[in-house]
Structure formats: structure tokens, C-alpha cells
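Notes for the structure review
Each chain is listed here by its residues.
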Amino acid sequence: MSKPIKHIVIVGGGSAGWLTAGILAAAFRAGAGAGPQVTLVESPDVKPIGVGEGTWPSMRDSLSAMGVSETDFIRECDVSFKQASRFDRWVTGNDEDSYYHPFAMPQGYGEVDLVEQWQLAPGSPPFADVVSYQPQLCRQGKAPKQQATPEWAAVANYAYHLDAGKFGVFLQKFCTGRLDVRHVLDNVTGVNPAENGDIGSLETRHNGSIEGDLFIDCTGFSSLLLGGHYEIPFISRKDVLFCDSAMALQVPYANDDSPVESNTISTAQSAGWIWDIGLPTRRGVGYVYSSSHTTDEEAEAALQRYVAGTGQGSNGGRDAARKISINPGHRETFWHRNCVAVGISAGFIEPLEASALALIEMSAAMIRDDMPATRESMDVISRRFNERFRYRWGRVIDFLKLHYVLSQRTDSDFWRDNRSPETIPTRLQELLELWRYRSPSRRDFYEIEEIFPSASYQYVLYGMGFQPETAVVNTPGAARFAMQYFDQTRQTTGKFLAGLPSNRELTHHVAMHGMPKI
Ligand SMILES: Cc1cc2nc3c(=O)[nH]c(=O)nc-3n(C[C@H](O)[C@H](O)[C@H](O)COP(=O)(O)OP(=O)(O)OC[C@H]3O[C@@H](n4cnc5c(N)ncnc54)[C@H](O)[C@@H]3O)c2cc1C
């Protein structure tokens, strides 16, 4: 007899647990209560990691599909709008060394190769400025939409910067209040296996055993079910991406109307990089570094120097930074028997492109879309899930490594070691070889839902000054199209700059008056 999937148990109440609960429960609830019941068990003693402030535009789809109000989300999670990442000092380490990886696709993406035409005009503005309006919006601290733009809609593609602690509380309230997610505040103390090797139930300290048909491990670094119970091996990727530590600080603004940046700033350091994220009420700043290349004391000193150097408010060195250890890598498989890991329990790599929350959203969406009706079909689905996410982790690693490989910095072993050929994944080496003769294209990334499209590779490659080895081919007819698109970028940039409020103005407006509903 087929065993129907009636009860899903999620362990862990960090961003992974609550986002997964919300994405699943919203879909099940839409099916007139016919879907499985969702229970989330969360330890009252182990706090969520409480960092993770940069998101992708996919977060708009995830939250709106749950039925969240964007106004409530912005008000309650201390949210500002994010349109890009800016990378400072990654190429030469000099003051003027800076480029953008914006969320908006290049103009004409997929229709015509604008890289070629941009390269034929030496001395033209940076690649991202020629193909996208977004770097200019970021430089001027603009919001991605107007006060009259409805919830979730965009003038310029956008994501969010948010307070991770408040985000967890917000999702918990929404999932329990609106989506009928059952919340159990208790420690899972053991796993009771079923006869067939599945997880039958979980033992808790105060609530007895909790039975389920599918168990989702969102227990963060402890990976209680997949790593702990099933002993699925962890594959370290420290040989490729060296950063294994972080120091995080919260920094108040100099005054209440200090500008709020519309992009994450990532500034390269001698042993890693510092993130700088502007929320409406404070900045979140942290140094991600390799413990093989610097000490905690040096890292903290570099972080405090960075904060003081920005001249935009500081904590006066009062608060010590919070140290977080990172083990870069991922599990060998993510879904084993009736247990699937989502979030840090599945893996974690330095947050250089803020891909962790996006991977959580993608994992939860795939579990939702392929939700097995019975236990019998689960093994087919888990094989597909593992294949898909093995590919995705590989692409995250390649893309992050690209940022290091293209650097010309020679000021420390960290940068020199990062360019050693034995640390560069083969697939990335092959792509870099191909790109000596042509620009990254959709042919290089063939999945329908690629985690980083070729457009992202173009932004990083040409932002970092990558030069093809042969003269570019001037494809007939391409020049005319390219000129049209370049002109379109200029016009759109001018129009958006004139019509958009600042990031600070828009978040303030939403706090006071909300956003129109669609
Ligand atoms: C320095 C740093 C910066 C980051 N920046 C970004 C970023 O900008 N963008 C981004 O997308 N991501 C970022 N991330 C990643 C992001 O923080 C995580 O992916 C996200 O918070 C999800 O974490 P989690 O829910 O998997 O784990 P956690 O937040 O650690 O939650 C684990 C949960 O498991 C529960 N638990 C553990 N053991 C038990 C038990 N025995 N019984 C019951 N419950 C248990 C805990 O109580 C907790 O609720 C960053 C991470 C780090 C370290």
C-alpha cells in the first residue's frame, strides 16, 4: 500500500526553517486544506545564526506567493531596497577600483552580444554602465520604485537588505497565524528510525515523539538529521574558497537621514572581504576572511578600521565584533530517504553574492513543486533533487571563485594563493579558456533555472577588466542593434534618475504610509 505524505516536520527555526515552512504551507493551504500538515520544531536554546541580510529579487516572488504584505515586511524587518552588489578594491586594490554587479539584465540580453560592441569602443564607460541603468541609480542612492508603485512591482529590478533576526520573527508570526503551521518550541533529542530505515519520528525533550512522513533538516551547522543521524558526508570546498571565518558588527548611522545605500558594498581586504549593508536604522558590516591568512585579532582591527574609514557613523570601537566560524562546503547528497536538508544544514559557502537565502528559496520551491504524493515516489524525486542541487552548488562555487581568479592583487598570500591553478575548478578553467575568444553566453549555462546566468558572468568578467586574447569579431549588423541598446540605456538611466526617490525617502514613505496594493 502506498503511504501518503500527510505530515511534514521541519526542524529548525532560522531563515531556512521559516522560509521553507511558509513556501510549503502557503501552497498546501491554497489546495483547500488538502495538502500535508506542516509542523516546525525549534530549539528554545540554540539561537538562529542571525546574519544573512542580503537577498536576491527571488525573495519578492517567495514572499508574495506566501501571501505576505510587502508593506508589513518592510516595516517589521527593517528593510531597505537592494539593486546590486558593488565590488571595491577587488582588481588592483586601489581607491578607484570599483565595479557593479546589478540585478537588471543587460539591455538586449540574449538577442545581441553587446560585449563585442562595447569592446570595439575603447575608452567607453564601464560595461555595466553601458548595458544597464542600475549602476547610476545605485551611485545616486535611488530606490528601485516610486511611492505609487504597487507592492512587489518594480521600476528597476530589486531585492532587499533586511534584519535577519526580525525576519525570522516576522515569518514565524505569519506562518503560525496565517498558514496554520504548528510551532513546537523544544529540543529534538533523538531520532526514532522506522523499520525501512526512514525517520519514523523525532524525540523531543518536553513534547514526546513527533511523527512525520517527510522531515526537513533546517538545523544549521549541526545538520542534526542529514549529517548527524544519516552521516551523509560533508564535502569541504576550502581548497577552492578559503574564507572560513567572519566577524560581524552593527553600526549606527551618523544621523537619522544619512543616505541608505541601494547596493551591498563588498570591499576586498588582504585576507578576504568586508560586507557593508545599509538598513534604514543601521548598517550591518562584517569581515569574511581566511583563518589561514590572518588572525582573528587582525581581522577585527581591519573591520574597525574599515568602519572608521567610511566616515558614516561608527560604534566608536565600543562593541566587539561577533565571531562566526564557517565550514565552506556542502553535503554529498541533500535528500536521503525521507529527510531533506535546506539551508546551512545542506551547506554553506561565503556570502559573497548572497546566494544562501536564494538556495533556500529554490530548495523549498522544488520540494513544493515535486512534493511526492506517497512515500513510493519519493526516491525518484530525491534523486532528481540531489542531481539539481549538486549542479547548483558547483555553479555557486565556480561563480564565487571567478571573483578571486580575475583579481590582479599581489599584496598578500591570500590573493596569490587564490590564483593557483590547482585551486580553480576545472569547469571554471574551461569556461575562462572559452571566454578568451567569445563572451559568456546562454550556451554556457543550460539549466532553465540557472543560479547565476551568463549575464552575471559578463558583469563580473568585464567589471574586473577581463580582456579577450584575440581581437573581437565585428558581427555584421550587431553594431546598429548595439548602438540602439546603448542609447536606450542612456535614456532609461536619465528617466529613472529623474523620477525615482532616494532609498531613504522610499523606506521612510513606506513606514509612514505603506505601499499601494495591486
Ligand atoms: C557571516 C554570514 C553572513 C551571511 N550573509 C548572508 C547574506 O547576505 N545573504 C544570504 O542569503 N545568506 C547569508 N548568510 C547565510 C544565512 O545566514 C543562512 O543561510 C540563513 O540564515 C539560514 O540559516 P539556517 O536557518 O539554515 O540556520 P540557523 O539560522 O542556524 O538556524 C538553525 C535552527 O535550528 C535549530 N536547531 C538546532 N538544533 C536543534 C535541535 N536539536 N532541536 C531543535 N531545533 C534545533 C535552532 O534553534 C535554529 O532555529 C550568511 C551567513 C553567515 C555566516
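Residues numbered from 1 in each chain as written. Predicted model: local features only at pLDDT ≥ 70, side-chain atom pairs only at ≥ 80, totals over all residues. Heavy atoms only, no water.

Along the backbone of the protein there are 16 helices and 21 strands. Its C-alpha atoms give the protein a radius of gyration of 23 Å, within 12% of the compact-globule value 24 Å for 518 residues. Along the longest, intermediate and shortest principal axes, the C-alpha atoms of the protein span 70 × 50 × 50 Å. Relative to its 518 residues, the protein shows a buried fraction of 58%. Expressed as a percentage of contacts within the protein between residues at least 6 apart in sequence, the contacts between residues at least 24 apart total 77%. Surface accessibility of the protein: about 21,300 Å² in total, with carbon and sulfur atoms responsible for 51%. (Helix = DSSP H or I, 4+ residues; strand = E, 2+ residues; numbered from the N terminus. Rg over C-alpha atoms; globule rule 2.2 N^0.38 Å. Buried < 20%, exposed > 50% of the residue type's maximum accessible area, 1.4 Å probe, protein only. Contact = heavy atoms within 4.5 Å. Areas by Shrake-Rupley, 256 points an atom, 1.4 Å probe, with all protein chains shown as cover.)

Another point: the site of the ligand. Inspection of the region around the ligand gives 34 residues, with Gly-13, Val-46, Ile-49, Gly-54 and Leu-357 positioned closest. For the ligand, an oxygen atom lies 2.5 Å from a polar atom in the backbone of Val-46. Taking Ile-49, its main chain carries an N or O atom lying 2.8 Å from an oxygen atom of the ligand. For the ligand, the accessible surface in isolation is 1,000 Å², of which the surrounding protein chains cover 95%. Elements with a contribution of two residues or more to the shell around the ligand: helix H1 (15-30) and helix H10 (355-369). Element by element, the count of residues in the shell around the ligand is highest for H10, at 3 residues. Across the shell around the ligand, the residue classes break down as 19 nonpolar, 12 polar and 3 charged. (Near = heavy atom within 4 Å. Polar contact = N/O pair within 3.5 Å; in protein donor to acceptor, adjacent residues only side chain to side chain. Nonpolar A, V, L, I, M, F, W, Y, C, P; charged D, E, K, R; others polar.)

On to the packing of helix H2 (residues 58-66) against H10, then. Close contact between H2 and H10 brings their axes to 10 Å; oriented N to C, the two are set at 45°. Taken together, the axes of H2 and H10 lie oblique to each other. When you trace H2 past H10, the crossing you get is left-handed. Contact with H2, carried on its side by Ser-58, Met-59 and Ser-62, involves Leu-357, Ala-358 and Glu-361 of H10 and no other residues of that element. Class assignment for the residues of the contact of H2 with H10 results in 3 nonpolar, 2 polar and 1 charged. (Axes fitted to C-alpha atoms, helices over the stretch in contact; angles between N-to-C directions. Parallel < 35°, antiparallel > 145°, perpendicular 65-115°, else oblique. Left-handed = near helix turned anticlockwise from the far one by under 90°.)

What follows deals with the pattern of salt bridges. Here the idea is simple: oppositely charged side chains can pair when their charged atoms come close. Applying the stated criterion across every chain yields a total of 28 salt bridges. In this structure, the salt-bridge partner of Arg-282 is Asp-163, at a minimum N-O distance of 3.2 Å. Here Arg-282, found in strand S16 (residues 282-289), pairs with Asp-163, found in the loop between strand S6 (159-161) and helix H7 (164-178); they are 119 residues apart in sequence, far enough to count as distant. Neither residue differs from the other here; Arg-282 and Asp-163 are each classed as buried. The structure contains a network of salt bridges with shared partners spanning Asp-198, Arg-337, Arg-375 and Asp-379. (Salt bridge = Lys/Arg side-chain N within 4 Å of Asp/Glu carboxyl O.)

With that settled, consider the sheet that holds strand S8 (residues 188-193). Taking strand neighbours across the sheet as the criterion, the 3 strands line up as S8-S9-S10 in an open arrangement whose pairing is antiparallel. Only two strands of the sheet have a single partner each, and these edge strands are S8 and strand S10 (209-211). Sheet twist, expressed as the average angle between the axes of neighbouring strands with direction ignored, equals 25°. When strand S9 (residues 199-204) meets S10, the two strands line up antiparallel, connected through 3 bridges. Its bridge partner lying in S10, Glu-203 is registered against Ser-209. (Pairing = 2+ DSSP bridges.)

Strand-to-strand pairing in sheets goes through backbone hydrogen bonds, with the strands running parallel or antiparallel. Within the open sheet, the 3 strands sit side by side as S12-S18-S21. Their pairing is antiparallel. Looking at strand neighbours, the two that pair on one side only are strand S12 (234-236) and strand S21 (347-348), the edges of this open sheet. Sheet analysis places strand S18 (residues 329-331) next to S21, joined by 2 bridges and oriented antiparallel. Following the sheet pairing, Gly-329 is matched in S21 by Phe-348.

Every buried residue of helix H16 (residues 503-513) is listed here: Asn-503, Arg-504, Leu-506, Thr-507, His-509 and Val-510. At its buried positions, H16 is contacted by helix H3 (70-76) and strand S3 (80-82). Where H16 ends, the next residue or the one after it, Gly-514, has phi of about 80°, a positive value.

All right, on to the nonpolar core then. Among the nonpolar cores identified, the biggest contains 135 residues, and Leu-63, Phe-73, Leu-214, Ile-216 and Ile-367 are the most heavily contacted of them. With residues up to four places along the chain from it excluded, the contact list for Phe-73 reads Leu-63, Val-68, Val-79, Tyr-160, Leu-162, Phe-167 and Phe-170. (Core = buried A, V, L, I, M, F, W, Y, C linked by side-chain atoms within 4.5 Å.)

So yeah, pure geometry; function would need other evidence.
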